[in-house]
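Architecture and fold: a report
Okay, here's what each chain looks like letter by letter:
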Amino acid sequence: MHLLILGGTTEARQLAEQLHEASQEAGQQAARSAARSVGRQSAGQEGLARLKVTSSLAGRVGQPRVPVGEVRVGGFGGVEGMVAWVREHGVGGIVDATHPFAERISFNAARAAAIARVPLLALRRPGWTAGEGDRWHSVGSLAEAAEVVPRLGERVFLTTGRTGLGAFAGVDGVWFLVRSVDPPDGGGPSRMEVLLDRGPFTLDGEREVLRRHRIDVVVTKDSGGAATAPKLAAAREAGLPVVVVRRPPVPEGVAVVGTSEEAAAWVVQLCAGSGASG
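First things first, this report covers the structure right here in the doc. (Residues numbered from 1 in each chain as written. Predicted model: local features only at pLDDT ≥ 70, side-chain atom pairs only at ≥ 80, totals over all residues. Heavy atoms only, no water.)

**What about the pairing of strand 10 (residues 217-221)?**
Counting buried positions along strand 10 gives 5 out of 5 residues, so the element sits mostly inside the fold. Burial of strand 10 is two-sided: the residues Val217, Val219 and Lys221 facing one way and the residues Val218 and Thr220 facing the other way are all buried. Two elements, strand 7 (residues 155-158) and strand 10, share 3 bridges in a ladder whose sense is parallel. Note on strand 10: the bridge partner recorded for Val156 is Val217. In this fold, the crossover linking strand 10 to strand 11 (residues 241-245) by way of helix 7 (residues 230-238) has right-handed handedness. (Buried < 20%, exposed > 50% of the residue type's maximum accessible area, 1.4 Å probe, protein only. Helix = DSSP H or I, 4+ residues; strand = E, 2+ residues; numbered from the N terminus. Pairing = 2+ DSSP bridges. Right-handed = clockwise from strand over helix to strand, strands pointing away.)

Put into structure tokens, the structure is as follows:
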């Protein structure tokens with residue numbers, strides 16, 4: 001079976017690695033069984049031994065962390081392009097392990113999977129949950145965040161990435177520290193400084209950022225995960241308000257799991273079907 005992982009996240013890389021290791025182990029087990037003239041493997045193990053995984057990266061990051069196995073980079077050309085690619089390459093399953101805010105690619109994946117009649121699973125790390133001492137302000141979009149920010153402070157740590165900065169272009173009387181992996185393409189607040197950095201981040205490091213730049217408000221998307229969570233703990237310690245942009249929903253009808261292990265188990269079940277039919 002050929003599995004397509006729509007990646008670019010830690011969970012996508014973890015899944016690719018787990019499946020690579022499991023497929024190799026299944027193949028080695030099959031070879032040992034054949035050498036000893038032992039009976040056939042289970043359908044799941046047979047399918048897993050023949051599993052091919054391709055990870056697809058959007059190509060928006062200059063130096064992406066590349067997962068193990070085959071990798072393609074770039075868009076598909078919308079729903080029709082993804083359907084064509086899936087059919088041309090004999091894809092038997094898709095795991096959407098993109099960023100929780102990659103709404104367009106997730107929608108395209110859901111439509112393409114339905115048209116091509118290919119099973120689809122969404123892998124989404126759990127979102128963050130406010131705890132005691134947190135001063136969170138939940139909003140539905142970057143535009144809403146831009147409206148809220150001036151009422152909360154004057155020096156903002158903006159950690160929503162380099163895209164969408166235009167939402168803050170009209171915010172007056174506020175200075176922004178914009179952190180992103182790559183430099184912004186343009187636009188954004190008139191008063192801002194860009195901090196190029198890539199997670200995982202540490203609590204001590206985030207404390208220093210808040211202190212050095214005299215931050216009084218933090219803005220973040222609810223990306224979830226441990227790699228970028230220390231800023232929330234640092235803000236809590238400092239008593240700072242945090243504007244949290246809520247996630248867009250997963251497309252209707254798409255099954256969702258929260259860990260790469262659960263996604264790997266789903267793939268094994270698909271492999272069992274392909275092994276039984278192969």
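**Regarding the sheet that holds strand 4 (residues 91-96)**
Sheet architecture is open: 6 strands sit in the order 3-2-1-4-5-12, paired in parallel fashion. On the outer flanks of this sheet lie strand 3 (70-73) and strand 12 (255-257), each paired with one strand and no other. Direction aside, the axes of adjacent strands within the sheet are offset by 25 degrees on average. Two elements, strand 5 (residues 120-123) and strand 12, share 3 bridges in a ladder whose sense is parallel. When the sheet's bridge partners are listed, Ala122 is paired in strand 12 with Val256. Packed on one face of the sheet, helix 3 (residues 78-88) meets strand 1 (2-6), strand 2 (52-57), strand 3 and strand 4 and runs near 150 degrees to strand 1. Each of strand 1, strand 4 and strand 5 is contacted by helix 4 (residues 103-116), which is oriented at about 160 degrees to strand 5, the strand it contacts most. (Axes fitted to C-alpha atoms, helices over the stretch in contact; angles between N-to-C directions. Contact = heavy atoms within 4.5 Å.)

**Quick word on the packing of aromatic side chains**
Under the counting rule described, the total for this entry stands at 2 aromatic pairs. Judged by centre distance (5.8 Å) and plane angle (80 degrees), the ring pair of Phe76 and Trp85 falls under edge-to-face. Note on accessibility: Phe76 and Trp85 belong to one class, buried. With centroids separated by 5.6 Å and ring planes inclined at 65 degrees, the aromatic side chains of Phe168 and Phe176 adopt a geometry described as edge-to-face. Phe176 shares its class with Phe168; the two are buried. (Phe/Tyr/Trp six-rings, centres within 6.5 Å; stacked < 30°, edge-to-face > 60°.)

**A short note on the sheet that holds strand 6 (residues 135-139)**
Across the sheet, which stays open at both edges, the 6 strands sit in the order 6-11-10-7-8-9 with parallel pairing between neighbours. Of all strands in the sheet, those bounded by a partner on one side alone are strand 6 and strand 9 (192-196). Between one strand and the next, the sheet's axes are offset by a mean angle of 20 degrees, whatever the strand orientation. Where strand 7 meets strand 8 (residues 175-180), 4 bridges bridge the pair, whose relative direction is parallel. Opposite Arg155, over in strand 8, you have Trp175 as the bridge partner. The strands touched by helix 6 (residues 203-212) are strand 7, strand 8, strand 9 and strand 10; relative to strand 7, the strand with the most contacts, the crossing angle is about 150 degrees. Packing of helix 7 onto the sheet brings it into contact with strand 6, strand 8, strand 10 and strand 11, and relative to strand 10 it is tilted by some 155 degrees.

**Thoughts on the pattern of salt bridges**
Here the structure, examined in full by the defined rule, presents 10 salt bridges. A salt bridge links Glu237 to Arg207; the shortest N-O distance between them is 2.7 Å. With Glu237 in helix 7 and Arg207 in helix 6, the pair connects residues that are 30 residues apart, well separated along the chain. By relative accessible area, Arg207 is classed as partly exposed at 34%. The residue Glu208 makes a salt bridge to Arg212 at a minimum N-O spacing of 3.6 Å. Separated by 4 residues within a single helix, Glu208 and Arg212 lie in helix 6, roughly one turn from each other. A relative accessible area of 27% places Glu208 in the partly exposed class. (Salt bridge = Lys/Arg side-chain N within 4 Å of Asp/Glu carboxyl O.)

**Thoughts on the packing of helix 3 against helix 4**
At a minimum axis separation of 8 Å, helix 3 and helix 4 run at an interaxial angle of 50 degrees. Classed by the angle they form, the pair helix 3 and helix 4 counts as oblique. In the packing of helix 3 onto helix 4, the handedness of the crossing is right-handed. Contacts between helix 3 and helix 4 involve Gly78, Val79, Met82, Val83, Val86 and Arg87 on the former and, on the latter, Ile105, Asn108, Ala109, Arg111, Ala112, Ile115 and Ala116. Residues belonging to the contact of helix 3 with helix 4 are distributed by class as follows: 9 nonpolar, 2 polar and 2 charged. (Parallel < 35°, antiparallel > 145°, perpendicular 65-115°, else oblique. Left-handed = near helix turned anticlockwise from the far one by under 90°. Nonpolar A, V, L, I, M, F, W, Y, C, P; charged D, E, K, R; others polar.)

**Overview of the pairing of strand 8**
Of all 6 residues that make up strand 8, 6 are buried, and the element is covered over most of its length. Side chains Trp175, Leu177 and Arg179 of strand 8 all project onto a buried face; the interleaved residues Phe176, Val178 and Ser180 project onto the opposite face, where all are buried too. Where strand 8 meets strand 9, 5 bridges bridge the pair, whose relative direction is parallel. Paired with Phe176 across the bridge in strand 9 is Met192.

That's the geometry; what it means functionally is another story.
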